[in-house]
Amino acid sequence: MSPATEASATRVDDAPLVIGGRRFTSRLLVGTGKYADNEIMLEAIRASGSGCVTVAVRRVDLDRSHTESILHHLDPEEFFLLPNTAGCYTVEDAIRYARLGRASGFTDFVKLEVIGDQETLLPDPEGTLEAARVLVAEGFKVMAYTNDDLITALRLEDAGCAAVMPLASPIGSGLGVVNRWAIRQIKRRLEVPVIVDAGLGTASDVCVAMEEGVDGVLLNTAIAHADDPVRMARAMRCAVEAGRDAFLAGRMPARGGAAPSSPTHGMLD
Amino acid sequence: MSDAIQIHLNGRDREVATDLSVRDLILSLDLHPDLIVVERNRGILRREMYDDVPVEPGDVIELVHFVGGG
């Protein structure tokens, strides 16, 4: 192998994503909500190449009129199950749900969400920090969903979170990365992995996030509510890889104007 | 002498037989003990305790499991 080939082969390599000592097989994490049915969900998750799926903790429906346990469909041997505290608006509730998720016996990880507003579903930074401190002290590996705010992100890192997960835009909105600069600052300043979570709508949104150098993305609605979820899952898998490679490759500087790609000399008279 | 007690189960009042253990309750509801988590009077019960913990009148019990979510 020539030195040049070796060098380019090396550049394609990438260190694996490691959060809280756990190695993730993909930089794409996916949710399991909102799918039309469980078969499509499973097929889409497999097409996404993700090894980590989020799940919610809810009451068992004793009338059996809806939702059975997702464990009937997802094999914990095949996927790392990441319980969330979605739907929690108080510190107490988030801690309660996190403990219930851990008691399932699968993991000490939790995707912490403390929501501050019903309309926008934006995170409550104060509540998230408070809950994170309690859960970290209880030995949880906390992956904290948060705003795209650097100061909150830094405080969550100081609180001992295993990963910080700023939103691209509101949950389920599909608006993409609304503040690219903010995501860049968070990634630049934090040492723990940064996962962009929520609001990504399509493959180009995922590329934008990954091109900022973040360690991964977490998606749900973008796949589940696509007309063809399985195909979108595959697109997202490619987008994560493309965005990551583009980041590692180092993009050309953007210019204010044109620069010809073909020689300007040697033109015919 | 009554052979039923009143508990609050998953947000609803419910009459269940006396002398049930938590495991009996779970099985009587046709649920798999390994797929759910039990919270009794705001405390989480470890699975090893299901046999030993009785269901008592007035207990507030939540049976939860994992569902799809993002």
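Here is what the cut-offs are and how they apply
Residues numbered from 1 in each chain as written. Chains lettered and ligands numbered in written order. Predicted model: local features only at pLDDT ≥ 70, side-chain atom pairs only at ≥ 80, totals over all residues. Heavy atoms only, no water. Contact = heavy atoms within 4.5 Å. Buried area = accessible area lost by both parts, 1.4 Å probe. Salt bridge = Lys/Arg side-chain N within 4 Å of Asp/Glu carboxyl O. Polar contact = N/O pair within 3.5 Å; in protein donor to acceptor, adjacent residues only side chain to side chain. Helix = DSSP H or I, 4+ residues; strand = E, 2+ residues; numbered from the N terminus. Nonpolar A, V, L, I, M, F, W, Y, C, P; charged D, E, K, R; others polar. Axes fitted to C-alpha atoms, helices over the stretch in contact; angles between N-to-C directions. Parallel < 35°, antiparallel > 145°, perpendicular 65-115°, else oblique. Left-handed = near helix turned anticlockwise from the far one by under 90°. Buried < 20%, exposed > 50% of the residue type's maximum accessible area, 1.4 Å probe, protein only. Pairing = 2+ DSSP bridges. pLDDT = per-residue confidence, 0-100.

1. Considerations on the interface of chain A and chain B
For an interface, size is often stated in terms of accessible area lost upon the parts coming together. Tallying the contact residues gives 32 residues for chain A and 24 residues for chain B. Both sides of the chain A and chain B interface together cover about 2,500 Å² of buried area, and 60% of this is carbon and sulfur. Linking chain A with chain B are three salt bridges, by the criterion used here. Across the salt bridge formed by Arg12 of chain B and Asp63 of chain A, the nearest N and O atoms sit 3.0 Å from each other. For the pair chain A and chain B, the interface holds 15 residue pairs in polar contact (both at pLDDT 80 or more). Among the elements of the structure, β4 (52–59), β5 (80–83) and α3 (91–103) of chain A are those that each provide at least two residues to the side of chain A that touches chain B. Sorting elements by how many residues they give to the side of chain A that touches chain B places β4 of chain A first, with six residues. Residues of the side of chain A that touches chain B, tallied by class, amount to twelve nonpolar, eleven polar and nine charged.

2. Points about the packing of α3 of chain A against helix α4 (residues 125–137) of chain A
Axis angle and axis distance: for two packed helices, these are the angle between their axes and the distance between the axes, and together they describe the pair. Residues and elements named next belong to chain A. Where α3 meets α4, the closest approach of the two axes is 9 Å, and the angle between their N-to-C directions is 40°. What the angle tells us is that α3 and α4 run oblique. Read as a crossing pair, α3 and α4 show a hand that is right-handed. In this structure, α3 contributes Val91, Ala94, Ile95 and Ala98 to the contact, and α4 contributes Gly127, Glu130, Ala131, Val134 and Leu135. The class makeup of the residues in the contact of α3 with α4 is seven nonpolar, one polar and one charged.

3. A word on the pairing of strand β1 (residues 4–9) of chain B
All names here are of chain B. By the alternation rule, side chains of β1 split into Ile5, Ile7 and Leu9, which are all buried, and Ala4, Gln6 and His8, of which none is buried. In this antiparallel pair of consecutive strands, β1 and strand β2 (residues 12–17), the connection spans two residues, and Asn10 shows a positive phi of 45°. Relative to strand β5 (residues 60–68), β1 is paired through two bridges, and the arrangement is parallel. In the sheet register, His8 faces β5, and the bridge partner there is Val60.

4. Quick look at helix α5 (residues 150–158) of chain A
What α5 of chain A keeps buried is the set Leu150, Thr152, Ala153, Leu154, Leu156 and Glu157 of chain A. In this fold, the buried residues of α5 of chain A make contact with α4, β7 (141–146), β8 (163–166) and α6 (180–189) of chain A.

5. As for helix α7 (residues 203–211) of chain A
Residue and element names in this part refer to chain A. The set of residues buried in α7 consists of Asp205, Val206, Cys207, Ala209 and Met210. Of the surrounding elements, those touching the buried residues of α7 are β9 (195–197), β10 (216–219) and α9 (229–249). Phi for Gly213, located one or two positions after α7, is positive at around 90°.

6. Thoughts on the confidence of the model for chain B
Across chain B, the average pLDDT comes to 93, with 97% of residues at 70 or higher. With pTM at 0.90, the complex prediction returns an ipTM value of 0.92.

7. Focus: the side chain of Glu39 of chain B
Inspection of the secondary structure puts Glu39 of chain B in strand β3 (residues 37–40). Look at Glu39 of chain B and you get buried, because its relative accessible area is 4%. Within the structure, the side chain of Glu39 of chain B is placed 2.6 Å from the side chain of Arg96 of chain A, a separation counted as a polar contact. In this structure, Glu39 of chain B is in contact with Arg96 and Leu100 of chain A together with Ile44, Val60, Ile61 and Glu62 of chain B, ignoring residues within four places of it in sequence.

8. A word on the environment of Gly58 of chain B
All names here are of chain B. Among the structural elements, Gly58 can be located in the loop between β4 (43–45) and β5. Distance from Gly58 to Arg14, taken between C-alpha atoms, is 9.8 Å for residues 44 residues apart in sequence. In contact with Gly58, not counting residues within four places along its chain, are Gln6, Ile7 and Asn41.

9. Some words on the sheet that holds β7 of chain A
Residue and element names in this part refer to chain A. Here three strands make up an open sheet; going across it, the order is β6-β7-β8 and the pairing parallel. Of all strands in the sheet, those with a lone pairing partner are β6 (109–112) and β8, marking the two edges. Neighbouring strand axes in the sheet, compared pairwise and without regard to direction, differ in orientation by 15° on average. Bridge count for β7 against β8 is four bridges, and the pairing is parallel. In the sheet register, Met143 faces β8, and the bridge partner there is Ala163.

10. Points about the pairing of β3 of chain B
Residues and elements named next belong to chain B. Residues Val37 and Glu39 of β3 are buried on one face, and the alternating residues Val38 and Arg40, pointing to the opposite face, are buried as well. Pairing of β3 with β5 involves four bridges; the strand directions are antiparallel. Counterpart to Val37 in the pairing with β5 is Val64. In this sheet, β4 lies alongside β3 in antiparallel orientation, the contact comprising three bridges. Bridging across to β4, Val38 finds its partner in Leu45. Count of turn residues in the β3/β4 antiparallel hairpin: two residues, of which Asn41 carries a positive phi of about 50°.

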